[in-house]
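# Coordinate inspection notes
Residues per chain, in single letters:
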Amino acid sequence: MSKYVITYDIGTTGIKTCLIEVDEEIRILASATEGYNLYVNEETGVDGGAEQDADEWWKAMCITTQVVFKKCPDIKKEQIEGISFCSAMQGLVLVDREGNCIRRPMTYMDQRAREELKKGIAYGIQVAGAEVTKLLKYLRYTGAVSSSVKDPIWKYKWVEAHEPENFKKIYKWLDIKEYLICRCSGEFVMTNDSAFGTLLYDTRKGHEGWCKPICDMVGVNIEHMPEIKASTEKVGEVTEKAAAELGLAPGTAVYGGGGDASLIGVGTGAVEVGDTHIYSGTSGWVGTVVDKQLVDAGAMMASIVGADPTSYNYFGELETSNKCVGWVKDHLALDEIGVYLKSHPTENVHSYESFEFNLYDYLEEVISRAEPGAGGVVFTPWLHGNRCPFEDPNAAGMFFNIRLETGKTELIRAVVEGICFHLKWMLERQAKKIEIKDTIRFCGGGALGEATCQILADILQRKIEVVDSPQNIGAVGAAACIIVGMGLIPSMKEVKKFIPAKITYTPNPANKAVYERNFEVFKNLYKCNKKNFEILNGKGE
């Protein structure tokens, strides 16, 4: 008999809510998307700030829950077996004893805490941006090191230093989905993968949990850390108040779910050791399933704890991936988008989701008209600094090698190629420690376009597989947490049977030479401009 669940995929720019049927396969019956704001820099009152409003998350969650029920009127709220989450990670959501936000949450993109990072770990004799004795202690307990200005520890320390009255109010430190779990159920919890994302989690076998030696070393009050739960665990039930606002039945089971870095790979079927997936959404990454902890401190790569307790995800992140395509929309293509929409008057462009799809269709048409290599133009997708394979909050985007004959089509194609070049750079770095298979699964909004998928295949010179609805795979991963938690399947590795590839893109060898040439230039651009980025963006540091 079919089971019905609802999952929430909470991204940087919007939430995707899916009503899912689970039988012999995982099938999305209805979805709804609602956007919300990202407040950066001046909007936060500090340079490098990147914040969101927790009430906007909740409002979007309530709206979309009601929409999916309207789309499936035969399914009643009492039939929902459980809800779960997939969300962006490494946010800092500080709440009081009632679960109210003390201040606006900081996202993973926030990089205000440069001074706190320096005082906390980036001083003295350093290796990979961390003082050597602290680096060794970190690696002993956690298998990773908090040496990025974007890590939540330093945001926590920033609040302590700059907002002492707010700091005194802290009851628990939550991440994004954990805040929504709390608002749904009243429970203060954090799943293992989110706990690892704080870089305060002891990963040693038999010692898993909050690591007091690390908390003491960096000055974090361990009492601020919530109870840790498994991604597949039922962590609470929807309260009467939350049920009334969401349109769910009181007592509906709430499952832990996972972060996007944990569940997107699950949702795309990359769940067995050796499987690699590439994600291109607002941010982007390369993740490979491994059976042991690995760390490449020099490239800011590490094996992270995921939703499957039997394996790890060897992970490298790009801060702004398809967000760069949004930048193209706002600054290169906006004048032409109106023309495109007028030429397609029968299409529904009034919703957040449908507008994004129409926009991406248009941009795909543009990049398919330009020659591979974008006429020699190379773009760097570092629009909010960069983390991997080099950590530099001063890094920025650029178009290199523009000539008189360069047109808008070349510029737009160069943006997509630049994103793919950076993904290749991270994949090559992973290949120094692990073997990468010839076939990779590609997902996220970037995987919606055929031209983009072919560019990625040509740049990587590997087969690229795309599953059905690649933009929804976070929701599928969240559903897998419920399915395993209910005992319908024995483990996360069984999910692969439910998620076959829909289409495969084979690399075109004719494009290999031009892309290898441009890729070498791409890597050189950071090395040649690191000092220039510091001069322009270093704020006197």
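Residues numbered from 1 in each chain as written. Predicted model: local features only at pLDDT ≥ 70, side-chain atom pairs only at ≥ 80, totals over all residues. Heavy atoms only, no water.

## Re the confidence of the model for the chain
What counts here: Confidence of the predictor at the level of single residues is given by pLDDT, which spans 0 to 100. Should any heavy atoms of two residues lie within 4.5 Å, those residues are considered in contact.
Across the chain, the average pLDDT comes to 91, with 94% of residues at or above 70. Below pLDDT 50 for its whole length, residues 346-357 participates in 21 contacts with residues either more than four positions away or in separate chains.

## Overview of the pairing of strand E6 (residues 80-87)
So the rule is basically this: Working definition: with a 1.4 Å probe on protein chains only, accessible area under 20% of the residue-type maximum means buried, over 50% means exposed, and in between means partly exposed. The secondary structure listing takes helices from DSSP runs of H or I that are at least 4 residues long and strands from runs of E that are at least 2 residues long, numbered from the N terminus. Pairing between strands is defined by DSSP: at least two bridges between them are needed.
Buried residues dominate E6, accounting for seven of its eight residues. Here strand E1 (residues 3-10) pairs with E6 via seven bridges, running parallel. In the strand pairing of E6, Val 5 is matched with Gly 82. Where E6 and strand E16 (residues 253-255) come together, two bridges link them in parallel fashion. Residue pairing in the sheet places Gly 82 in a bridge with Ala 253 of E16. Pairing analysis gives two bridges linking E6 to strand E17 (residues 258-259), with the strands arranged parallel.

## What to know about the side chain of Arg 462
Under the convention used in this document: By the criterion applied in these results, polar contacts are pairs of N or O atoms within 3.5 Å in which, for protein atoms, one can donate a hydrogen and the other can accept it, and in which residues neighboring in sequence qualify only through two side-chain atoms.
Mapping Arg 462 onto the fold places it in the loop between helix H14 (450-460) and strand E26 (463-467). From its side chain, Arg 462 meets the backbone oxygen of Ile 436 in a polar contact 3.4 Å long. Not counting chain neighbours up to four residues away, the residues in contact with Arg 462 comprise Leu 427, Ile 436, Lys 437, Asp 438, Ile 440, Ala 457, Tyr 505 and Pro 507.

## Topic: helix H1 (residues 54-71)
We count it as follows: What a helix is expected to span follows from its residue count: subtract one and scale by 1.5 Å.
When the terminal C-alpha atoms of H1 are compared, their 26 Å separation across 18 residues agrees well with the 26 Å that a helix rising 1.5 Å per residue should span. Where H1 begins, one side-chain oxygen reaches toward the backbone nitrogen of Asp 55, 2.8 Å away; that side chain belongs to Asp 53.

## Focus on the side chain of Lys 424
The residue Lys 424 is located in helix H13 (residues 408-430) in this model. In contact with Lys 424, other than residues within four places in its own chain, are Ile 459, Leu 460 and Phe 519.

## Points about the environment of Glu 223
Within the secondary structure layout, Glu 223 lies in the loop between helix H8 (212-218) and strand E14 (227-229). When the C-alpha positions of Glu 223 and Trp 173 are compared, they lie 9.3 Å apart, and in sequence the two are 50 residues distant. Those residues in contact with Glu 223 that sit more than four places away from it in its chain are Tyr 171 and Lys 172.

## Re the nonpolar core
Here is a general trend for soluble globular proteins: nonpolar side chains tend to be buried in one another's company. Worth spelling out the cut-off: Definition used in this section: a nonpolar core is a set of buried Ala, Val, Leu, Ile, Met, Phe, Trp, Tyr and Cys residues joined via side-chain atoms within 4.5 Å.
Ranked by size, the top nonpolar core spans 136 residues in total, and within it Tyr 138, Ile 153, Trp 173, Leu 200, Val 220, Trp 382 and Ile 464 carry the most contacts. Among the elements that line this core, the one with the most residues is H13, at 12 residues. Excluding its chain neighbours within four sequence positions, the residues that come into contact with Tyr 138 are Ile 121, Gly 143, Ala 144, Val 145, Ser 146, Ile 153, Leu 199, Ile 214, Met 217 and Val 218.

## Let's talk about the state of the cysteines
For clarity, the threshold we go by: Cysteine sulfur atoms that pair up within 2.5 Å are treated as a disulfide.
With the rule as written, the count across this model stands at zero disulfides. Free cysteine Cys 101: the closest other cysteine sulfur is in Cys 182, separated by 9.1 Å. Distance from the sulfur of Cys 324, which forms no disulfide, to the nearest cysteine sulfur (Cys 420) is 11 Å.

## Observations concerning the packing of aromatic side chains
Filter applied, for reference: Put simply, two rings from Phe, Tyr or Trp (the six-membered ring, in Trp's case) pair if the centres are within 6.5 Å, and we call them stacked under 30 degrees between planes, edge-to-face over 60, tilted for the rest.
Evaluated as defined, the whole model comprises 21 aromatic pairs. Geometrically, the ring pair formed by Trp 285 and Phe 315 is tilted, given 5.3 Å between the ring centres and 45° between the ring planes. Taken as a pair, Trp 285 in strand E19 (residues 284-290) and Phe 315 in strand E22 (residues 312-318) lie far apart in primary sequence, 30 residues in all. Ring centres of Trp 327 and Phe 399 lie 6.1 Å apart, and the angle between their planes is 40°; on these two criteria the pair is classed as tilted.

## A short note on the packing of H13 against H14
Note the threshold: Axis definition: a line fitted to C-alpha atoms, over the contacting stretch in the case of helices. Angles run 0 to 180 degrees between N-to-C directions. When describing relative orientation, an angle under 35 degrees is termed roughly parallel and one over 145 degrees roughly antiparallel, while 65 to 115 degrees is termed roughly perpendicular and anything else oblique. Take the far helix as your reference; a near helix turned counterclockwise from it by less than a right angle gives a left-handed crossing, and one turned clockwise gives a right-handed crossing. Amino acids are sorted into nonpolar (Ala, Val, Leu, Ile, Met, Phe, Trp, Tyr, Cys and Pro), charged (Asp, Glu, Lys and Arg) and polar (every other residue, Gly among them).
For the pair H13 and H14, interaxial distance at closest approach is 9 Å and the crossing angle is 45°. Taken together, the axes of H13 and H14 are oblique relative to one another. Judged by the sense of rotation from one axis to the other, the crossing of H13 with H14 is right-handed. Together, Arg 413, Val 416, Glu 417, Cys 420, Phe 421, Leu 423, Lys 424 and Leu 427 of H13 and Thr 452, Ile 455, Leu 456, Ile 459 and Leu 460 of H14 make up the contact between the two elements. For the contact of H13 with H14, the residue count by class is nine nonpolar, one polar and three charged.

## Some details on the packing of helix H10 (residues 260-267) against helix H15 (residues 473-485)
Direction vectors running N to C along H10 and H15 enclose 95°, while the axes themselves pass 7 Å from each other. It follows that H10 is roughly perpendicular to H15 by the angle criterion. On H15, the residues that touch Leu 263, Ile 264, Val 266 and Gly 267 of H10 are Ile 473, Gly 474, Val 476, Gly 477, Ala 478, Ala 480 and Cys 481. Tallied by class, residues from the contact of H10 with H15 come to eight nonpolar, three polar and no charged.

## Observations concerning unusual backbone geometry
Cys 388 connects to Pro 389 through a cis peptide bond whose omega is 5°. Unusually for a residue other than glycine, Met 300 sits at a positive phi of about 60°. Despite not being glycine, Ala 374 shows a phi value in the positive range, around 50°. You can see Ala 374 is positioned in the loop between helix H12 (352-369) and strand E23 (378-380).

## Some words on the sheet that holds E22
One key point about sheets: their strands pair by backbone hydrogen bonds, in either a parallel or an antiparallel sense. Strand order in this open sheet of eight strands is E20-E21-E22-E19-E18-E25-E26-E27, and the pairing throughout is mixed. Unpaired on one side and paired on the other, strand E20 (295-296) and strand E27 (501-505) mark the two borders of the sheet. Across the sheet, H14 touches strand E18 (276-280), strand E25 (439-443), E26 and E27, and the angle it forms with E26 is around 150°.

## Details of helix H3 (residues 132-141)
Just so we agree on the cut-off: As used here, the arc belongs to the directions running from the helix axis to the C-beta atoms.
Those residues of H3 that sit buried are Lys 134, Leu 135, Tyr 138 and Tyr 141. Down the axis of H3, the buried side of the element spans an arc of 140°, and every buried residue falls inside it. Opposite the buried face of H3, at more than 90 degrees from it, the exposed residues are Thr 133, Leu 136 and Arg 140. Within two residues after H3, Gly 143 carries a phi angle of roughly 75°, on the positive side.

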